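Read off the chains here:
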Amino acid sequence: KSTVFALLAGASIFSNFQHANGLVLTTRSGLKSSVTPTEQVLTMMQELKKKGEAMMETEQKTFATYAEWADDESKKLGFEIQDGESKIEELTAFITKAESDASKLGREVEALEAEIAQLTSEKKEATELRATQHKEYLALSQDYSESVDALKRAIQVVSAENYDRAQAESLLQKMSTKVPGVEAVLAALQTQRSGQPEVEAYKFQSGGILELLKSLLEKFSGELSDVEKAEVNEAHEFNLVELHLSNTIAKDSSDRDEKAQLRASKKAASAKAQGELTETKAAKADDEALKTEIETTFAAKKVTFEENQKVRAAEIEAIAKAIDIIASPEVSAKYSQHVNFLQLSRRTSARKAAEDSAAALLRSRGAALQSETLASLAKSLAAGGPFAKVIGMIEGLLEKLKEEAAAEADHKAWCDEQLKANKLKRNKKTAKVEELSAAIAGLNAEIQEQASTIAKLSDEQAALTKAMSEATTIRDGEKTENLAAIADATAGADAVKQAIVILKEFYASQVTEDAALIQTKQVPEMAEYKGMQSSKGGVVGMLEVIETDFLRLKAETEASEKAAAAEYKTFMEKSETSKKQKHDAEFKLKLAKDQSEFEKEETVKDLRSTEEELSKANEYYEYLKPNCIVVHVSYEERAAKRHEEIAALKEAYSILDQKSQ
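This is a predicted model, so every value here is computed, not measured.

Points about the overall build of the protein chain
Across its full length, the protein chain carries 13 helices and 0 strands. Starting at the N terminus and walking to the C terminus, you meet the elements of the protein chain as α-α-α-α-α-α-α-α-α-α-α-α-α. The buried share of the protein chain, taken over its 661 residues, is 33%. Accessible area for the protein chain stands at about 40000 Å²; split by element, carbon and sulfur atoms hold 56% of it.

What to know about the nonpolar core
Ranked by size, the top nonpolar core spans 13 residues in total, and within it Y144, V148, L151, I155, L213, L217 and F220 carry the most contacts. Those elements that provide at least two residues to this core are α2 (37-160) and α6 (206-326). Per-element tally for this core: the top contributor is α6, with 7 residues. Grouped together as the second largest cluster of nonpolar side chains are 6 residues, V433, L436, I440 and L607 included.

Considering the pattern of salt bridges
Side chains carrying opposite charge are able to pair once their charged atoms draw close together. If you walk through the whole model with that rule in mind, you get 24 salt bridges. Between K97 and D101 there is a salt bridge whose closest N-O contact spans 2.7 Å. Placement of both K97 and D101 in helix α2 is noted, with a separation of 4 residues, approximately one turn of the helix. Residue class for D101 comes out buried when judged on its relative accessible area of 16%. Residue K580 is joined to D584 by a salt bridge in which the shortest nitrogen-to-oxygen separation is 3.0 Å. Within this pair, K580 and its partner D584 are both found in helix α12 (residues 538-629), separated by 4 residues, close to a single helical turn. Exposure remark for K580: the relative accessible area of 54% places this residue in the exposed category. A network of salt bridges, in which partner residues are shared, links K97, D101 and K266.

Some remarks on the packing of aromatic side chains
Summed over all chains, the structure comprises 7 aromatic pairs. Between the aromatic rings of Y66 and W69, the centroid separation amounts to 6.2 Å while the plane-to-plane angle is 25°, which identifies the pairing as stacked. Of this pair, Y66 and W69 are both found in helix α2, 3 residues apart, which corresponds to roughly one turn of the helix. Here a set of aromatic residues connected by ring pairs shows up, and it is made of F63, Y66, W69, F298 and F305. Against the face of Y621 rests R426, its NZ or CZ located 4.0 Å from the ring centre.

Description of the side chain of N422
In this fold, N422 is placed in helix α10 (residues 387-509). A polar atom in the side chain of N422 sits 2.6 Å from the side chain of R426.

Regarding the environment of K616
With respect to the secondary-structure elements, K616 resides in helix α12. The class for K616 is exposed, based on a relative accessible area of 59%. Residues K616 and R426, spaced 190 residues apart in sequence, show a C-alpha to C-alpha distance of 9.3 Å.

A word on the confidence of the model for the protein chain
For the protein chain, the mean per-residue pLDDT works out to 75, and 64% of the residues sit at or above 70. With pLDDT under 50 throughout, residues 339-347 is counted as low confidence; its partners more than four residues away or in other chains account for 9 contacts. Considering only residues more than four positions removed or in separate chains, one finds that residues 512-537, a stretch of pLDDT under 50, has 17 contacts.

So, the environment of E80
Here E80 shows up in helix α2. With 204 residues separating them in the primary sequence, E80 and K284 have C-alpha atoms 7.6 Å apart.

The rules behind these values
Numbering of residues begins from 1 in every chain and follows the order in which that chain's sequence is written. Only residues with pLDDT of at least 70 get local features here, since the model is predicted, and only at 80 or more are side-chain atom pairs given and counted; chain-wide, interface and lining totals rely on the full set of residues. Side-chain numbers come from the whole structure's heavy atoms, not from hydrogens or water. Only DSSP runs of H or I with at least four residues qualify as helices, and only runs of E with at least two residues qualify as strands; both kinds are numbered from the N terminus onward. Each residue gets one of three labels from its accessible area relative to the maximum for its type: buried under 20%, exposed over 50%, partly exposed in between, using a 1.4 Å probe on protein chains only. Where accessible areas are quoted, they stem from the Shrake-Rupley method and a 1.4 Å probe; at the residue level, only the protein chains shown are allowed to cover. Here, nonpolar core means buried Ala, Val, Leu, Ile, Met, Phe, Trp, Tyr and Cys residues that are tied together by side-chain atoms lying within 4.5 Å of each other. By definition, a salt bridge exists where a carboxyl oxygen of Asp or Glu is found within 4 Å of a side-chain nitrogen of Lys or Arg. Aromatic pairs are defined between Phe, Tyr and Trp rings, using the six-membered ring for Trp, whenever the two ring centres lie within 6.5 Å; interplanar angles under 30 degrees are classed as stacked, those over 60 as edge-to-face, and all others as tilted. Consider the ring centre and the ring normal. A charge sits over the ring if Lys NZ or Arg CZ is within 6 Å of that centre and within 35 degrees of that normal. Polar contact criterion, stated in full: a pair of N or O atoms within 3.5 Å, where within protein one must be able to donate a hydrogen and the other to accept it, and residues adjacent in sequence count only if both atoms are side-chain atoms. What pLDDT expresses is the predictor's confidence in each residue, scored from 0 to 100. Every residue pair with non-hydrogen atoms within 4.5 Å of one another is taken to be in contact.

This is the structure:
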């Protein structure tokens, strides 16, 4: 703008000199003014000096305001750049720390998963081993129980009759087809017989057989007791190992889930920080570019301002010297002596020809450019008038066109700057809106997934609670039935045992040696009736079978009750552990869901604020459109047309100036 001011000032000085010359000629030709031409020139030059000083002062004020604005903007952008650098350093450090923590947590999660897998494998192996041991125990327990039961029955039978070893073995062989465990008793009996003298093997003494059977009963009972003790110890040891492994797995699983969740939050925070880092770097780059542009523009305008100030100062100094020279008496006297009225008349004729030539030029250029300004000026020249007025019109039009050109150039520069800044702001806010919208969509999906998982965990806990309640109900009923069966079996066995004792006492009183001899020889003959103790095993034998059945029922029911209790305990422990894990997971997930909802609310606030800023930027863009974008003729076309108009005016001015000499 200062350059334009300088051009206008130069054109104005020249035109004012021409105007002053015209006034001198007009005054001298009319001889009607008391003011001399030199005085008029001095007046005009003094006005020019004042005008130049005022323009110089105005330019200084304008540049001072611009310099203050440029300095403020540069400092403001500098602070923003420093803040951006600090934020970039903070975000970079945060991202590095978050990634490092996430990597460390990932390794810890992997280690815990490996440990969980190893412990689970050990627990599985221990469970399989325990199942094998329990299976072996059941087989041994059944064998020993059957042998003990068989020995008890054999002892009862032998006690009722006097049998030798051979008869006892024969009886046991018959019983082996019907009573389990008798074969093992026979094998043990034969083993003991193989170690005795032959004479003893045929010794007729039921008492020796009873002692032998009782010793076997004591042996098998002891071994059964040892097996049961071993089973209890192994079960106890397994329960301790299984409890330790289950607790360790549960603790490791809880730690793993906690670390996995923390790792996920670290990764999410790192991703968010990376987005902020990218945005901050872009904003910092924009601020640096704008700061550089402001400083570069200011430096260029400062050089132009300083040059303009030198030119204006020199111009004012030259005008002052010219005033001093023209104001001297020698110049005024010499000027009066050399004025020639004949020459003035010739100049007037030449001026008329110049006016006609200039008018023709302006008409031609006005028609070519379709310029109403040039056409109107051509009409004014053709109509005739004072030469000074014509010169003034041309000078006025020149100054007006130059001012319009300068104003439009300033307006275009302002538009370019505003449009650029507005575009950067709209792009920045649009990208921010898209980023925040994507973040909200991601949070919505995450919240929905968390809610679904929470509902699933709640349902699973309810299902476990229901299953545990049902299992408890079933177990209580089963336990009641088993205890009742055990009590009934115990009572039945005791009652049968009492009946056997009574019958044995009765039949023992009826036994005689003759009967024993007849029984030994197996001679069928009529004998005195002593009771039904020998028919198909006798009543006592039948009662002993019943007693054995009661005892077996008791043993089997107790074993079944024990196994069911252990199974129920295992189920309840596993269910409680699973329920606790699901409860802990649900609790942690609810906390994570609350955090996600909070982040969503904050992100929605940021989105609304950014959308408002984007809306304001779009509104300002709509304001700039009619003033800076929507034009009927481009700036280049208008500038070219105005340039040709100025060239035509300058050419007309040159014609008039030459003809006026």
